[in-house]
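Coordinate inspection notes
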Amino acid sequence: MTEPTAPAADGAERGTSTRQFRTVQRTVLRESLELDVLPLYVGGLVAQTTAGGASGARQSGSFDEGEDEEETDDLSADYEGGAGGGGEIVDRHATARPERRLTFATYFNAFPASYWRRWTEYRSVRLRAEVSGLGTFIVYRSTAKGHIQRVQAISVDSVDPQALELDLSLGPFIDGGWYWFEIQAASQPITLHGATWSIETERAESGRASIGITTFNRPDFCVAQLLNLLHEPEVLAALDEIIVVDQGTDKVSEHARYAEAAEGLGGKLRIIEQGNLGGSGGFSRAMHEVASKGQSDYVLLLDDDVVCEAEGILRAVALADLAKQPTIVGGQMFSLYVRSVLHAFGETVQQYRWFWGPAPNTTQGHDFARRSLRSTSWLHRRIDVDYNGWWMCLIPTKVVKDIGLSLPMFIKWDDAEFGLRARAAGYPTVTMPGVAVWHVPWTEKDDTVDWQSYYHRRNRIVSALLYSPYPRGGRLVRESLDMQFKFLMSMQYGPAEMGLMAIEDILDGTQRMHRDLLSRLDDLRELRKGFDDANAQPDLDRYPAPKRSKPPRRGRTPTMPRRRPAKVKEMVAGTLRQFLPIRPMSREHPEVGVPHLDTYWWRLSHYDSALVSSADGSAAWWYKRNPEQFRDILVRSVRLHARLAREWPRLSAEFKEALPGLVSPDTWKATFDASLHRVEDRDSRH
């Protein structure tokens with residue numbers, strides 16, 4: 001959407017008559033907002049009064065346009081999550097009740113000025129709003145420190161919508177900061193009818209995108225996502241195609257509402273069926289299809305089980321269009337269970353440990369219902385990232401053509417490796433606030449103890465072989481061996497064995513990676529069946545009741561060792577304990593029941609058996625100590641890790657040399673075809 005050409009603001013670039021104001025962000029107000037997500041869109045601020053009941057110095061009517069625009073704001077106000085008692089949303093209009101204030105200093109409606117300052121060449125943004133009623137329209141900005149400054153206030157006294165325009169500088173936002181506005185009602189309500197943030201640019205037309213969704217036996221989620229797009233005509237207008245790569249046996253095309261989605265999307269929907277090649281195989285197929293067709297500027301990768309704020313798609317495309325160079329633009333992830341909780345503001349790879357995690361200066365699991373943008377100082381820093389998760393990630397097709405498709409990792413680390421490879425080729429990744437999906441949070445599952453533990457280990461090491469700046473991956477080899485000890489101490493022999501398999505496969509060479517996409521998952525599931533820690537039951541009553549032959553010494557339960565000497569002492573004691581005879585009763589009854597929250601190695605190492613619940617609370621396992629397995633896996637773990645450290649330089653050179661072939665479309669094409677043949681063979685047998 002574009003707006004009529006207008007004179008450039010002070011500090012804005014002046015160009016020819018071809019320059020127009022292009023909307024890069026619209027205020028989002030949805031009548032159907034649930035209470036748990038309302039704080040992400042609009043907040044209610046209740047005006048404070050003095051002891052005598054008179055309005056405070058910064059309430060309705062106290063702002064004059066002639067006042068100092070850089071005055072620091074110490075507005076005294078109570079924040080209410082969502083519109084609260086401050087107003088209501090009707091027909092996508094927000095109304096503040098008399099003597100009340102609504103703030104748009106919210107996740108989806110504040111303007112992330114520092115990101116536009118850093119990643120584009122533009123130095124001003126135009127805010128245009130339509131307001132009616134009686135009160136004040138107030139614009140604020142923040143600094144990287146989280147300090148709030150009032151920029152301008154405009155009095156409103158109009159029955160009909162009144163258009164307001166302000167040209168705002170992006171100059172002082174190098175390190176961080178946002179713009180936003182608030183509406184303060186006087187003795188009568190004030191209503192916001194809509195607002196846009198626009199950039200004056202020669203590129204007025206939006207780039208074209210195609211969506212790539214990878215799905216495996218989640219047709220309900222996938223079809224719901226397609227149906228949601230039917231209600232977003234402006235988003236659909238920016239899309240060339242929606243490609244669903246279906247790798248499961250429960251087909252999307254057989255869902256009861258698929259025909260409705262297909263009819264509504266018309267020729268824009270395409271289903272591709274192939275064998276299960278994991279996320280890396282499904283998303284590589286989508287990237288390959290979009291890049292080879294040559295129609296779209298971008299491929300937008302989306303998980304099949306997310307709920308997307310569709311407006312974020314347009315915002316991501318706008319930033320990618322106007323960025324200084326081809327740039328990957330990623331969306332952030334909120335919890336699907338507690339929808340005001342942000343998983344991470346940005347993610348990086350810790351270089352020395354070589355492990356992913358929240359970016360520095362951020363807090364994981366921030367709840368906007370408890371702490372608003374306005375009152376959380378760290379949210380105002382610009383956060384730079386190494387990569388963005390593929391739950392929502394917009395990738396320029398130019399980048400795909402230049403650096404190739406995903407590394408064949410099946411799952412885990414494929415998005416991180418791609419981001420690191422892109423950065424090495426000169427293409428940055430931006431995790432953009434205001435662009436987001438809701439997804440099942442990682443905290444509700446533990447995939448490090450099932451078959452996925454193989455991919456966690458193998459892909460972490462492979463990516464370190466390719467990109468770690470430290471000899472032998474810094475702490476990685478040592479941490480991998482530590483992980484083996486912890487699995488063994490916890491009686492989790494299956495994950496420990498799969499960790500060894502991962503290292504053996506790496507030592508075997510790069511040629512395994514594409515080949516193993518087709519068969520390794522079956523091997524892992526078969527291997528896992530042979531271990532007690534893999535046989536889960538959905539009900540605790542299916543197991544004997546916990547019972548011990550002797551009570552714990554002095555009635556104490558194990559406590560977490562805080563300092564390194566205590567951890568070493570606990571590790572040594574736990575290792576020696578593995579050589580003691582097994583208490584006979586532990587084979588007839590689990591010695592203790594351990595909730596998933598307490599499944600730490602330093603606790604489980606004290607028992608000969610334990611009943612352990614799963615992360616999602618749906619099942620439990622009966623772990624049993626096995627001294628023979630402990631000794632066998634421990635000896636092989638030490639030997640393999642010593643070999644991995646010794647051969648690291650050779651392996652690193654080998655993987656770096658093989659990388660272009662591993663990610664090339666031609667290599668992937670052969671893997672796609674092979675997976676389809678496996679599906680055809682499976683179907684013919686049935």
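The paragraphs below set out a description of the structure included in this document. Residue positions are given per chain, counting from 1 as you read along its sequence in written order. Totals for whole chains, interfaces and linings use every residue, but because this is a predicted model, local features are given only for residues with pLDDT of at least 70 and side-chain atom pairs only at 80 or more, for both listing and counting. Side-chain measures were taken over the full set of non-hydrogen atoms in the model, leaving aside hydrogen atoms and water.

What follows covers the side chain of S210. Secondary structure follows DSSP: runs of H or I at least 4 residues long count as helices, runs of E at least 2 residues long count as strands, and numbering of each begins at the N terminus. Tracing the backbone through its elements, the reader meets S210 in strand β11 (residues 209-215). Counted as a polar contact is a pair of N or O atoms within 3.5 Å, where, for protein atoms, one must be capable of donating a hydrogen and the other of accepting one, and residues adjacent in sequence contribute only when both atoms are in side chains. A distance of 3.4 Å separates the side chain of S210 from the backbone nitrogen of E241, its partner in a polar contact. In this structure, S210 is in contact with D240, E241, V290, S296, Y298, V299 and L300, ignoring residues within four places of it in sequence. In this analysis, two residues are considered to be in contact whenever any of their non-hydrogen atoms come within 4.5 Å of each other.

For the rest of this paragraph, the subject is a positive patch on the surface. Nonpolar side chains (Val, Leu, Ile, Met, Phe, Trp, Tyr) are joined into patches within 5 Å and like charges within 9 Å, using only residues with over 30% relative accessible area and no salt bridge. Where accessible areas are quoted, they stem from the Shrake-Rupley method and a 1.4 Å probe; at the residue level, only the protein chains shown are allowed to cover. Between Lys or Arg on one side and Asp or Glu on the other, a salt bridge is scored when a side-chain nitrogen of the former is within 4 Å of a carboxyl oxygen of the latter. This count recognises Lys and Arg as positive and Asp and Glu as negative, with His and chain-terminal groups excluded. Lys charges are placed at NZ, Arg charges at CZ, Asp charges at CG and Glu charges at CD. On the surface, R478, K486, R564 and K567 cluster together into a patch of positive charge. Counting residues per element, the ones that place at least two in the positive patch are α10 (476-489) and α13 (564-577). Inspection of the secondary structure assignment puts K567 in helix α13. To sort residues, take the accessible area from a 1.4 Å probe on protein chains only and compare it with the maximum for the residue type: under 20% means buried, over 50% means exposed, and anything in between is partly exposed. Overall, K567 belongs to the partly exposed group, its relative accessible area being 41%.

Turning to the sheet that holds strand β24 (residues 593-594), a few remarks are in order. What holds strands together in a sheet is hydrogen bonding between their backbones, with the strands either parallel or antiparallel. Strand pairing follows a simple DSSP-based rule, namely that at least 2 bridges must link the two strands. Across the sheet, which stays open at both edges, the four strands sit in the order β23-β26-β25-β24 with mixed pairing between neighbours. Lying at the two open borders of the sheet, with one neighbouring strand each, are β23 (536-537) and β24.

Both site types are read off a 1 Å grid over the protein atoms alone. A 1.4 Å probe that fits but cannot get out defines a cavity, while an open set with protein on both sides within 12 Å along at least five of seven lines defines a pocket; lining residues have an atom within 4 Å of a point. Grid points are joined across faces, edges and corners, and a volume is the space filled by probe spheres set on the points. Within this model, the second largest pocket holds a volume of roughly 760 Å³. Each residue receives one of three labels: charged for Asp, Glu, Lys and Arg, nonpolar for Ala, Val, Leu, Ile, Met, Phe, Trp, Tyr, Cys and Pro, and polar for the others, Gly being one of them. Classifying every residue of the lining of the second largest pocket gives eight nonpolar, four polar and ten charged.

For the rest of this paragraph, the subject is the environment of T363. Among the secondary structure elements, T363 is positioned in the loop between β19 (355-358) and β20 (366-367). Sequence separation between T363 and G346 is 17 residues, and the spatial gap between their C-alpha atoms is 9.6 Å.

The description of two aromatic rings rests on the distance between their centres and on the angle between their planes. The pairing test for Phe, Tyr and Trp rings, Trp by its six-membered ring, is centres within 6.5 Å, and the orientation test on the planes gives stacked under 30 degrees, edge-to-face over 60, and tilted for anything in between. Summed over the entire model, instances satisfying the criterion amount to 31 aromatic pairs. On the basis of an interplanar angle of 80 degrees and a centroid distance of 5.0 Å, the ring pair of Y352 and Y470 is categorised as edge-to-face. Highlighted residues: Y352 in the loop between β18 (347-350) and β19 and Y470 in the loop between α9 (452-467) and α10, separated in sequence by 118 residues. Members of the aromatic cluster, each reached through a chain of ring pairs, are F104, F111, W116, F137, F173, Y179, F181 and W197. Above the ring of F672, the side-chain terminus of R285 is found at 5.1 Å from the ring centroid. One cation-aromatic arrangement involves R525 over W451; the distance from NZ or CZ to the ring centre is 5.2 Å. The rule for a charge over a ring is simple: NZ of Lys or CZ of Arg within 6 Å of the ring centre, and within 35 degrees of the ring normal.

Moving on, we come to unusual backbone geometry. A negative phi angle is the norm for most residues apart from glycine, just as the trans form is the norm for most peptide bonds. Even without a glycine there, the phi angle at D91 is positive, about 55 degrees. Examined against the element boundaries, D91 turns out to sit in the loop between β5 (87-90) and β6 (93-96). The phi torsion at R472 lies on the positive side, around 55 degrees, for a residue other than glycine. Relative to the helices and strands, R472 resides in the loop between α9 and α10. A relative accessible area of 38% means that R472 is categorised as partly exposed.

One can describe the packing of α9 onto helix α11 (residues 493-508) by two numbers: an axis separation of 8 Å at closest approach and a directional angle of 35 degrees. Seen from above, α9 lies across α11 with right-handed handedness. Each of S453, Y454, R457, R458, I461, V462 and L465 in α9 lies in contact with α11, whose residues at this interface are P495, M498, G499, M501, A502, I503, D505 and I506. Classifying every residue of the contact of α9 with α11 gives ten nonpolar, two polar and three charged. Lines fitted to C-alpha atoms define the axes here, with helix axes fitted over just the stretch in contact, and angles between the N-to-C directions of these axes take values from 0 to 180 degrees. For a crossing to be left-handed, the near helix must be turned anticlockwise from the far one by less than a right angle; the clockwise case is right-handed.

This part is about α13. Multiplying 1.5 Å by the residue count of a helix minus one yields the expected span of that helix. Between its terminal C-alpha atoms α13 stretches 20 Å, which fits the 20 Å expected from 14 residues at 1.5 Å a residue. Within α13, the full set of buried residues consists of E570, M571, G574 and T575. Buried positions in α13, seen along its axis, are confined to an arc of 135 degrees and lie on one side of it. Along α13, exposed side chains directed more than 90 degrees from the buried face belong to P565, K569 and L576. On its buried face, α13 is in contact with α10, α15 (601-604) and α16 (627-662). Arc definition: it is the arc formed by the directions from the helix axis to the C-beta atoms.

In this section: the side chain of S605. Along the chain, S605 falls in the loop between α15 and β25 (609-613). A relative accessible area of 1% places S605 in the buried class. Among all residues touching S605, those that are not within four sequence positions of it are M489, E570, G574, R577 and Q578.

This part covers the pairing of strand β21 (residues 392-396). Where burial is concerned, most of β21 is hidden: five out of the five residues are buried. With burial as the criterion, each face of β21 is covered, one bearing M392, L394 and P396 and the other bearing C393 and I395. As defined by bridge partners, strand β14 (residues 298-303) adjoins β21 across five bridges and the pair is classed as antiparallel. Its bridge partner lying in β21, L301 is registered against C393. Of the strand pairs in this sheet, strand β16 (residues 328-335) and β21 are connected by two bridges, and their pairing is antiparallel. Within β21, the position partnered with V329 by the bridge is L394.

A separate point is the packing of α9 against α16. The N-to-C vectors of α9 and α16 enclose an angle of 65 degrees; their axes lie 8 Å apart at closest approach. The angle between α9 and α16 places the two elements in the roughly perpendicular class. For α9 against α16, the interelement crossing comes out right-handed. On the side of α9, the interface is formed by R457, I461, V462, A464, L465, L466 and Y467, while α16 contributes H641, L644, W648, L651, S652, F655, K656 and L659. Angle categories are assigned with fixed cut-offs, so that under 35 degrees is roughly parallel, over 145 is roughly antiparallel, 65 to 115 is roughly perpendicular, and the rest are oblique.

These figures capture arrangement, not role.
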